[in-house]
Amino acid sequence: MKKSWRPQTKLVHAGSLRSQYGEMSEGIFMTQGFLYENSAAAEARFKGEDEGFIYARYGSPTNAMFEQRMCALEGAEDARATASGMAAVSAAILCQLKAGDHIVAARALFGSCRWVVETLAPKYGIDCTLVDGRDIAAWEAAIRPNTRLFFLESPTNPTLEVVDIAAVADLAHQAGARLVVDNVFATALYQKPLELGADVVVYSATKHIDGQGRCLGGVILSSKEWIEEELQDYFRHTGPALSPFNAWLLMKGLETFPLRVRQQTASAAKIADFLADQKQIARVIYPGRADHPQADIIKKQMTAGSTLIAFELKGGKEAAFALQDALDIVSISNNLGDAKSLITHPATTTHKNLSDEARAELGITGGTIRFSAGIEDADDLIEDFAQALAKVPA
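Residues numbered from 1 in each chain as written. Predicted model: local features only at pLDDT ≥ 70, side-chain atom pairs only at ≥ 80, totals over all residues. Heavy atoms only, no water.

K.L.:
What's the story with the sheet that holds strand E9 (residues 308-313) in this structure? I'm lost.
P.N.:
Within a beta sheet, neighbouring strands are joined by backbone hydrogen bonds and run either parallel or antiparallel to one another. Spatially, 5 strands are ordered E8-E9-E12-E11-E10 in an open sheet, and the strand pairing comes out mixed. This sheet does not close on itself; its edge strands, each paired only once, are strand E8 (281-285) and strand E10 (331-332). Pairing of strand E11 (residues 342-344) with strand E12 (residues 368-372) involves 3 bridges; the strand directions are antiparallel. Directly across from Ile343, in E12, lies its bridge partner Phe371. Relative to E9, helix H11 (residues 244-276) is tilted by about 15°, and along the sheet it contacts E8, E9 and E12. Contacts from helix H13 (residues 316-326) reach E9, E10, E11 and E12 within the one sheet, and its direction differs from that of E9 by about 130°. (Pairing = 2+ DSSP bridges. Helix = DSSP H or I, 4+ residues; strand = E, 2+ residues; numbered from the N terminus. Contact = heavy atoms within 4.5 Å. Axes fitted to C-alpha atoms, helices over the stretch in contact; angles between N-to-C directions.)

Written as structure tokens, this is what we have:
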């Protein structure tokens, strides 16, 4: 693979391995273990003198192809594929911390991510401070002598707030800490956290990478040194590895990833503009619009908007449910980044377990909706919203 290749070319060809049969579509190596020619070869493999595979929990050819293809897209040195996005988040955070350490995290996180840092980590003696991710002074004020990790997602789930990744990375490094970024909403096409100073990037590959509602998956990307020194033993002994079949599905998803995401983004931008003009809607938040609260940061760190839109209905939960139930094309689901357009009511689903106060802090009301644009015709989606909104009181 040439480094000069553009993303859509890398995502078709990068990391490919072929067996002696010369297959065009990458092979699925459905095996738990691997054979050794002799006892000395087995010893060399376990000593790390031979780079071959040992056991599917540690790695496999199919997983390696997916990992290297993600590295080519992200610009990372190394990666490990996991069984889900939350397996990636948990591993990336917990592998590098111990009792007595301290996390500073943005409070605007996906519900399960927030549970890991706010509820799970303290059970193991790891303290956590949640801050308004948009406020750089809040990050700085939260730093302690034992702070070892900063964690954020940008744009955030579900309200699409944007955090200044470079500024947070600078603070983390000044404090002797590392920055982990969940980059799902921006995708690797539109935002490069490692180039902005982040140390580790995580994805739920379930979303745009598969993007067709077929399988779960996750991936952690960083430097080869961090993977080997911090992640590898955790990964090897706790077993969050992705199945080879799912790795193959995700590779196939990567081949069409740019085509899908670019169309979804173009549709999302068009739909966001339509929604902003509707009398039933109080506000629309979309990273591609000039009225986004962090538009200046978006220009600095993102090359395009997102496939996601957040908007708020004036009529609260009743209006939100009425809209969702009246849609014909758009499906109600808690997933996102799918080829099919999906709509979610965060207050009663993805962020249901947060307190009323916590949801209010994040700007999640009864009328808040998260919309994930699919690859359907944008005009059909707009017409679907128009007929549904006609059934919602102004």
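After that view, the rundown keeps rolling.
K.L.:
I would appreciate a short explanation of the sheet that holds strand E4 (residues 147-153) in the present structure.
P.N.:
Ordered by their spatial adjacency, 7 strands build an open sheet running E1-E7-E6-E5-E4-E2-E3, and the pairing between neighbours is mixed. Sheet topology places strand E1 (78-82) and strand E3 (127-131) at the edges, where each strand pairs with a single neighbour. Strand-to-strand twist in this sheet, taken as the mean axis angle between neighbours without regard to direction, amounts to 20°. Pairing geometry for strand E2 (residues 102-106) and E3, over 5 bridges, is parallel.

K.L.:
When you look at unusual backbone geometry in this model, what are you seeing that I'm missing?
P.N.:
Glycine aside, negative phi is the norm for most residues, and most peptide bonds take the trans geometry. The step from Ser154 to Pro155 runs through a cis peptide bond, and the omega angle for that step is -10°. Of note, Thr187 is a non-glycine position whose phi angle comes to about 65°, a positive value. Within the element layout of this structure, Thr187 appears in helix H8 (residues 187-190). What makes Thr187 buried here is its relative accessible area of 4%. (Buried < 20%, exposed > 50% of the residue type's maximum accessible area, 1.4 Å probe, protein only.)

K.L.:
Could you clarify how one ought to interpret the nonpolar core in this entry?
P.N.:
Considering soluble globular proteins, one finds that nonpolar side chains tend to be buried as a cluster. The biggest cluster of nonpolar side chains holds 34 residues, and the ones touching the most others in it are Phe66, Met70, Tyr203 and Ile209. Those elements that place two or more of their residues in this core are helix H3 (61-74), E1, H8, strand E6 (200-204), strand E7 (218-222), H11 and E9. No other element matches H11, which puts 7 residues into this core. Residues from two domains meet in this core; each of domain 1 (15-23 + 56-253) and domain 2 (257-391) gives at least three. Filtering out sequence-adjacent residues up to four positions away, Ile209 remains in contact with Phe66, Met70, Tyr203, Leu250, Gly253, Leu254, Phe257 and Arg260. With 28 residues, the next largest nonpolar core counts Val116, Val200, Phe235 and Ala241 among its residues. (Core = buried A, V, L, I, M, F, W, Y, C linked by side-chain atoms within 4.5 Å. Domains from an automatic or database assignment.)

K.L.:
Can you walk me through the packing of aromatic side chains in this structure?
P.N.:
Ring pairs (aromatic) are described by centroid distance and by the angle formed between their planes. Per the stated rule, a full pass over the model turns up 7 aromatic pairs. Ring plane angle 25° and centroid distance 6.3 Å describe the contact between Phe245 and Trp248, whose orientation is recorded as stacked. Of the two residues, Phe245 and Trp248 both sit in helix H11, 3 residues apart, roughly one turn of that helix. Under the relative-accessibility criterion, Phe245 is labelled partly exposed at 39%. (Phe/Tyr/Trp six-rings, centres within 6.5 Å; stacked < 30°, edge-to-face > 60°.)

K.L.:
Help me understand empty space enclosed by the protein in this model?
P.N.:
Rolled over the atoms, a probe as big as a water molecule pinpoints where empty space is left. Within this structure, the stated rule accounts for 2 cavities of 30 Å³ or more. If you add up the space inside the largest cavity, you get close to 60 Å³. What lines the largest cavity is Met70, Leu73, Val184, Thr187, Ala188, Tyr203, Ser204, Lys207, His208, Ile209 and Phe257. Secondary-structure elements contributing two or more residues to the lining of the largest cavity are H3, H8, E6 and helix H9 (206-210). Element by element, the count of residues in the lining of the largest cavity is highest for H9, at 3 residues. Considering only residue class, the lining of the largest cavity consists of 7 nonpolar, 3 polar and 1 charged. Taken as a whole, the second largest cavity spans an internal volume of roughly 30 Å³. Every residue lining the second largest cavity is listed: Thr159, Arg283, Ile285, Ala310, Phe311, Glu312, Gly363 and Thr368. Those elements that place two or more of their residues in the lining of the second largest cavity are E8 and E9. No other element matches the 3 residues that E9 contributes to the lining of the second largest cavity. Looking at the lining of the second largest cavity residue by residue, the class counts come to 3 nonpolar, 3 polar and 2 charged. (1 Å grid on protein atoms, 1.4 Å probe; cavity = no way out; pocket = protein on both sides within 12 Å on 5 of 7 lines; lining within 4 Å. Points joined across faces, edges and corners; volume = space filled by probe spheres on them. Nonpolar A, V, L, I, M, F, W, Y, C, P; charged D, E, K, R; others polar.)

K.L.:
I would appreciate a short explanation of the pairing of E2 in the present structure.
P.N.:
Looking along a regular strand, one sees side chains alternate from face to face of the sheet. The element E2 is extensively covered by neighbouring structure, given that 5 of its 5 residues are classed as buried. Residues His102, Val104 and Ala106 of E2 are buried on one face, and the alternating residues Ile103 and Ala105, pointing to the opposite face, are buried as well. Crossover E2 to E3 through helix H5 (residues 111-123) is right-handed. Here E2 runs beside E4; their pairing, made up of 4 bridges, is parallel. (Right-handed = clockwise from strand over helix to strand, strands pointing away.)

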